[in-house]
Amino acid sequence: RQEFPALVRIDEEYRDRGVVIIGLSIDEPEDVDTEVKPFVEEVGAKFPIIVKAPGDPDRFMRQLHTSLSGGLPETIVYGRDGLPRLILRGEQTYAQFREYVERALQ
């Protein structure tokens, strides 16, 4: 939740350069209307948010990438070739995200 505004800013600044942000929520599907949507509207996110299916959030994370720990937040940065470049664990700042995105765009 705390780093989300930085992701919104990255999305706004890099969308025209081909950067795609996809948010993932481990909230339960029944909480989408009461938790996820209000938060997304509050921070002004315009990128898609995928909500996991009911059940184990760790399983959901491992399906995305086998090295994800399930700890939050975790971020995967992909290169233009679609391959993962970095897995970031813990909260990141706007400056850190910007550095990672610039490297991935090279």
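Refer to the structure presented above.
Position labels on residues start from 1 in each chain and follow its written sequence. pLDDT decides what is reported in this predicted model: residues at 70 or higher carry local features, side-chain atom pairs at 80 or more are listed and counted, and totals for whole chains, interfaces and linings draw on all residues regardless. Side-chain numbers here rest on the full set of heavy atoms in the structure, without hydrogens or water.

K.L.:
Could you clarify how one ought to interpret the pattern of salt bridges in this entry?
P.N.:
Pairs can form between side chains of opposite charge once their charged atoms are near each other. Salt bridge, as used here: a side-chain nitrogen of Lys or Arg that lies within 4 Å of a carboxyl oxygen of Asp or Glu. Taken as a whole and judged by the stated rule, the model has eight salt bridges. Residue Arg9 pairs with Glu13 through a salt bridge whose shortest N-O separation is 3.0 Å. Taken as a pair, Arg9 and Glu13 lie in helix α1 (residues 4-14) at a separation of four residues, close to a single helical turn. Put simply, Arg89 and Glu74 hold a salt bridge, and the shortest N to O gap is 2.9 Å. Here Arg89 is found in strand β4 (residues 84-89), whereas its partner Glu74 is found in strand β3 (residues 74-78), with 15 residues between them in sequence. Exposure remark for Glu74: the relative accessible area of 15% places this residue in the buried category. Here a strand is any run of E in DSSP of at least two residues, a helix any run of H or I of at least four, and the numbering for each starts at the N terminus. Three exposure classes are used, based on accessible area relative to the maximum for each residue type with a 1.4 Å probe and protein chains only: buried under 20%, partly exposed in between, and exposed over 50%.

K.L.:
Help me out: how do you make sense of the side chain of Glu3 in this one?
P.N.:
Note on placement: Glu3 falls in the segment before α1. In this charge count, Lys and Arg are treated as positive and Asp and Glu as negative; neither His nor the chain ends contribute. Despite being buried, Glu3 has no salt bridge partner; Arg1 is the closest side chain of opposite charge, sitting 12 Å away. Residue contacts are defined here by distance: any two heavy atoms, one from each residue, within 4.5 Å place the two residues in contact. The residues contacting Glu3, other than those within four sequence positions of it, are Pro73, Thr75, Gly90, Glu91, Gln92 and Phe97.

K.L.:
So what exactly am I meant to see when it comes to the pairing of β3 here?
P.N.:
Successive side chains on a regular strand alternate, one facing one side of the sheet and the next facing the other. By the convention used here, strands pair only if DSSP detects at least 2 bridges between them. The pairing of β3 with β4 spans five bridges and is antiparallel. Residue pairing in the sheet places Glu74 in a bridge with Arg89 of β4. Counted along the chain from β3 to the antiparallel partner β4, the turn is five residues long, and its residue Gly82 has a positive phi close to 85°.

K.L.:
Quick question: what am I supposed to make of the environment of Phe97 here?
P.N.:
Inspection of the secondary structure assignment puts Phe97 in helix α4 (residues 94-105). Separated by 22 residues in the primary sequence, Phe97 and Thr75 place their C-alpha atoms 9.7 Å from one another. Here Phe97 is in contact with Glu3, Ala6, Leu7, Ile10, Thr75, Leu88 and Gln92, once residues within four sequence places are set aside.

K.L.:
Just to check I follow, could you spell out the packing of aromatic side chains for this structure?
P.N.:
Note on aromatic pairs: each is described by the distance of the centres and the angle between the planes. Pairing of aromatic rings covers Phe, Tyr and the six-membered ring of Trp, with a centre-to-centre limit of 6.5 Å; geometry is then stacked below 30 degrees between planes, edge-to-face above 60, and tilted otherwise. Summed over the entire model, instances satisfying the criterion amount to two aromatic pairs. Note on Phe4 and Phe47: the rings are 5.5 Å apart at their centroids and 40° apart in plane angle, and the pair reads as tilted. Taken together, the positions of Phe4 in helix α1 and Phe47 in the loop between α2 (32-43) and β2 (49-51) put the pair 43 residues apart, joining distant regions of the chain. Judged on exposure class, the residue Phe4 and its partner Phe47 are both buried. Residue placement shows Arg9 over the ring face of Tyr94; its charged tip is 3.7 Å from the ring centre. In this analysis the charged atom, NZ for Lys or CZ for Arg, is taken to sit over a ring once it is within 6 Å of the ring centre and within 35 degrees of the ring normal.

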